[in-house]
Amino acid sequence: MMVVLVLQPFRSAFTRIAGNNNNIKYTSNFTMHSLLQVLLCFIFWSVCHGKPYDGKKEFHDGEKCGYEFCPKGKPNMLNVHIVSHTHNDLGWLKTVDQYYYGAKSSVQIAGVQYILDSVVEALLADRRRRFIYVETGFFWRWWLQQDDQMHHTVHRLVNEGRLEFISGGWSMNDEAACHYASIVENFAWGLRKLNDTFSSCGRPKIGWQIDPFGHSREHASISAKMGFDGLFLGRIDYQDKEKRQLTKTMEHIWEANPALGSDADIFTAILPNVYYPPPSFCFDLLCSDPPIMDDPRLEDYNLDERVSTFMKLINEQAQNFSTNHLIVTMGNDFNYQQAHVWFKNLDKLIKYINEKQNNGSNMNLFYSTPSCYLYALNQANVTWTTKADDFFPYASGNHTYWTGYFTSRPALKEWKRESSAFLQTCKQIDALAQLGPEDQKDVNILREALGVAQHHDAVTGTARQDVTDDYAVQLHRGIVECHEVVKAGINKLSNTSADYKFCTLLNISQCKHTEKFTEIQILVWNPIGRTRNAQIHLPVEDATYKISGAGGVDIPYQITPLSKDVLSIPGRNTTATHEISFRARLPPIGYSTCLIQKLAKKEKDEARRAEVFAKRAKRSAVDDRDFTIQNDFISLTFDQVTGSLKSLTNLETQTTLAINQTFGYYEGSVGNNTKEDWRATGAYISRPNCATGKKNQNSGDDASSCLRLLTGNETYEIVKGPYVQEVRQYINTWVSQTVRLLSGSRHVDFEWQVGPIPLSDGIGKEVVSRFETSLSSKGTFYTDSNGRQTIKRTRNFRPTFELSNTEPIASNYYPVVNSIFLEDEEQGNRLTVLTDRPQGGSSLKDGQLELMVHRRLLVDDWLGVTEPLNETGMGEGLVVRGRHHLIFTKSAKSARRHRMLVHDHYAAPSILFNTVSDKQEKQSSYSAVSVSLPDNIHLLSLEQWKGSSLLIRLEHIFEPDEDPVLSQPATVDLQNIVRDMKITAVQEMTIDGNIPLDSVHRLNWNKVDERQPKVPEVGNFEKTDASTTVTLKAMEIRTFQLQVQTAN
């Protein structure tokens, strides 16, 4: 009875004291009895924590995590911010699970759960200590395994600013190979977990991109739009860093998106030691540096030397920075598994160096965080220089250019891209059908797998093979779970109960549902906000078919035999020998169905069948004519002997371009990596060996001749049909390509197949597709930034430092996520090549573009992965298939073509298959929208968010001045996007969707050549405003949280 009497008031008093941030108003009315209850409360609570009650509150009256609670440093002293941190890769040498649990210690001693356990214990031991944590994917796994006591403890540490979350993405994403939509998703989910759990104190203030191998302008812009005050980088080009250290510009303002002005500016700090401790000061048990031995009675006493050495290093660092505040990172990969070892030595370092202030030292050390350091810089009232380009490519030495990973593991890169697009479809259908919590859990499985896949050793292709396999497995599991969500959602939207199926092997023309059937329903979901004609290609058996759409209307199609290289893909197991091709007209954000019937009649419908003409040409004095394929907009001319492309004519502008497309490979260098001159090509590094061609010392146009061209065997096929025309080029036994022209298309498809890349000659190979044209590009070309902004590149040039070029090929390679193009300004023509996955690309010679499509190597580059990049499949080298889409038109019209086509291909339709019965409706359609979105507006995300709310993310896909019409602002009514729901309130959020935009107040910075200040826009709405009309300007991404009611 006594226990009951004590515990009941305990619960009530504790709720008032610990559970309410405004608890001061409760204490004024306490009676003596209430005070006794409170005392019992704290005694009981401290017993639960396993330590004696010390009279201090476990929970504070208010949050103490803001800038105002940062350590201030001392005026007129050199203030050294000691940042304790760990860097935890979500996969690299071990899988995510193995890293978390600490398995496979023979590979790497790394266990994330022990890091977090140990850090919390160490922070509790001394209130002065601080620690930062970055990877939400790992933290959330740990958090779900903790009990309520630990939850309260961590809340206290976060609220007091002693444990601070930095950056907050599910993983620390790569910046070269990631699509911008995936970057936003990665942060949206990680930040949501932190916001929902820790409120404002859990919201990171800065970005922390310390390990990615180069840094993009679009990522910086996204960071600014999330409300971050700054961005910390670890790796930049060694020549760039040398100049910045000399000029004290390691910290600057990055003008990340010219279209958005100062709203996209972000203060950027480059860390002095990447993210490592100063030399000889790693105190982790994984390190071999000496601890601080401060007992003078000991033979190995080293205090004086350790203090002197550290102070010397700090004074040297100070010469490269412009304020009296310095940041020193104390941590490394998977450090702090026994955190007390680190903190005990850091405590000593801080104590003994600060004691020297009594003897006139001006050095002041204290525990801090990157955000507190950033705030100190902000308060220093310094004027900062600016930067407007990006940090690609990254080189850590004169022969170590990290450009190979732009292409490494191309199959994984495409799988990640496809999965990312399908996640948007999955979320759309889940939101529109208003499915329940169990379906949202299924959505989250794919969401989190993709968050891991953005990691800078995942999508980059720089993890070990078994880890890469695990990434693929996790994506597959997420896709399968989202298949169930999509099926449930379609059935609810259509009021049916169909057993829809998916085909996941269409990339090798295999689908069991389209092989043996009599009648099958095809449902095609369109995730973009405008009507489009989707090109559908399905593998089938050789037969006669009938395709009908809504109202039984006949849909034209073409039957084409599959190429012999497709039929011989290793592991392909299907009876399909042909492909059926047709157009499906799809409503915006909705679906359309059609019915495919296999007819019993034996005779073939010749009018719908393609003819295939096989050629093994011989040059003839009688007939040496070239041949062409063409539609209403494009004419392609090919060489009769080789079957290679010779010219392209835009029939609308009557402009002809001389163009030749070839394949070749660079030989990978095989040095032993013991010094720069012996650097090998590997998963990270591209270093072509030009010993058999031009020497590496050559630069400029000569670099292009290093490529070992693959000469054709002069075998090709011409395919002509009513809908599809093709030229199939059989280059050699392991490279082939189909050049495809669809009726009504204004672009050309190049569908390539590479592999197995042979290694029997002892040569590792980097395979390239090269386009040589007559365009006068004058040393410049253009690539995208994460698939969004366009950046001008100049061969053998860097905007911010003078390039000493020792690797003329690798140094001119840049990441291409979506597009690369050449421009002839005098003629006003532009040639654009779009990719279906991230790749490395360049222009090594005027009029020339090349894209690296596949890599298979024999040696490692000694940058950590410790195994060659040698992917295999079905017992031999991996076969990879992909597409390039080529557009040639006037420069003024090119952006309209390529921007629209990019989104059509990224947001590809999803195809579902259903064996129908006579009772089912066989042709139907559905659209979620009342009105199509404007052509320049893309629905980036539509999803269920919290409670009854939806999250809508819209983007303007054009840059300023790209198109006279489509670069203009566009207005959208959000209500039209969800016509079957009633919007009751609208709140504009940060780009990630987690906090109201009008609550963001970023730090202001002084910069040289200050442009006219721009007043930040906080959206069209107050918090409860039900207005639904929004306007987007060029390059804007805007995110809105909608409160909705399902319409009756």
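For the structure, see preceding data.
Residues numbered from 1 in each chain as written. Predicted model: local features only at pLDDT ≥ 70, side-chain atom pairs only at ≥ 80, totals over all residues. Heavy atoms only, no water.

Regarding the packing of helix α15 (residues 437-453) against helix α16 (residues 465-494)
1) Next: Contact geometry of α15 with α16 gives a least axis separation of 8 Å together with a crossing angle of 150°. Here α15 lies roughly antiparallel to α16, going by the angle between them. Where α15 crosses over α16, the two elements pack in a sense that is left-handed. Facing Asp 439, Asp 442, Val 443, Ile 445, Leu 446, Ala 449, Leu 450, Val 452 and Ala 453 of α15, the residues of α16 in contact are Tyr 471, Gln 474, Leu 475, Arg 477, Gly 478, Ile 479, Glu 481, Cys 482, Val 485 and Ala 488.
2) Next: Of the residues that constitute the contact of α15 with α16, the class distribution is 13 nonpolar, 2 polar and 4 charged. (Axes fitted to C-alpha atoms, helices over the stretch in contact; angles between N-to-C directions. Helix = DSSP H or I, 4+ residues; strand = E, 2+ residues; numbered from the N terminus. Parallel < 35°, antiparallel > 145°, perpendicular 65-115°, else oblique. Left-handed = near helix turned anticlockwise from the far one by under 90°. Contact = heavy atoms within 4.5 Å. Nonpolar A, V, L, I, M, F, W, Y, C, P; charged D, E, K, R; others polar.)

Focus on the state of the cysteines
1) Next: Enumeration according to the criterion identifies 6 disulfides in this entry.
2) Next: There is a disulfide in this structure between Cys 426 and Cys 482, and the S-S distance comes to 2.2 Å. Negative torsions about the S-S bond denote left-handed disulfides, and the value of about -90° found for Cys 426 with Cys 482 makes this one left-handed. Residue Cys 426 is found in helix α14 (residues 410-433), and its partner Cys 482 is found in helix α16; the two are separated by 56 residues along the sequence.
3) Next: Since its relative accessible area comes to 0%, Cys 426 is described here as buried.
4) Next: On the accessibility criterion, Cys 482 (0% relative accessible area) is buried.
5) Next: Ordering the disulfide-forming cysteines of the chain by sequence position, one finds them joined as 1-3, 2-6, 4-5, 7-8, 9-10, 11-12. (Disulfide = S-S within 2.5 Å. Buried < 20%, exposed > 50% of the residue type's maximum accessible area, 1.4 Å probe, protein only.)

A closer look at the packing of aromatic side chains
1) Next: Counted by the stated rule, this structure contains 42 aromatic pairs.
2) Next: Here Phe 213 and Tyr 684 contribute two aromatic rings whose centre-to-centre distance is 5.3 Å and whose plane-to-plane angle is 85°, an arrangement assigned as edge-to-face. With a gap of 471 residues between them, Phe 213 in the loop between β4 (206-209) and α9 (217-225) and Tyr 684 in the loop between β24 (655-667) and β25 (708-709) connect regions that are remote in the sequence.
3) Next: Its relative accessible area of 2% is what places Tyr 684 among the buried residues.
4) Next: Seen from their ring centres, Phe 750 and Phe 771 are 5.3 Å apart, and the 90° between their planes marks the pair as edge-to-face. Of the two residues, Phe 750 sits in strand β29 (residues 748-754) while Phe 771 sits in strand β30 (residues 765-773), which places them 21 residues apart along the sequence.
5) Next: A residue is classified by how much of its surface remains accessible, and Phe 750, at 2% relative accessible area, is buried.
6) Next: Judged by relative accessible area, which is 1%, Phe 771 ranks as buried.
7) Next: Sitting over the ring of Tyr 67, Lys 205 keeps its end group 5.7 Å from the ring centre. (Phe/Tyr/Trp six-rings, centres within 6.5 Å; stacked < 30°, edge-to-face > 60°. Lys NZ or Arg CZ within 6 Å of the ring centre and 35° of its normal.)

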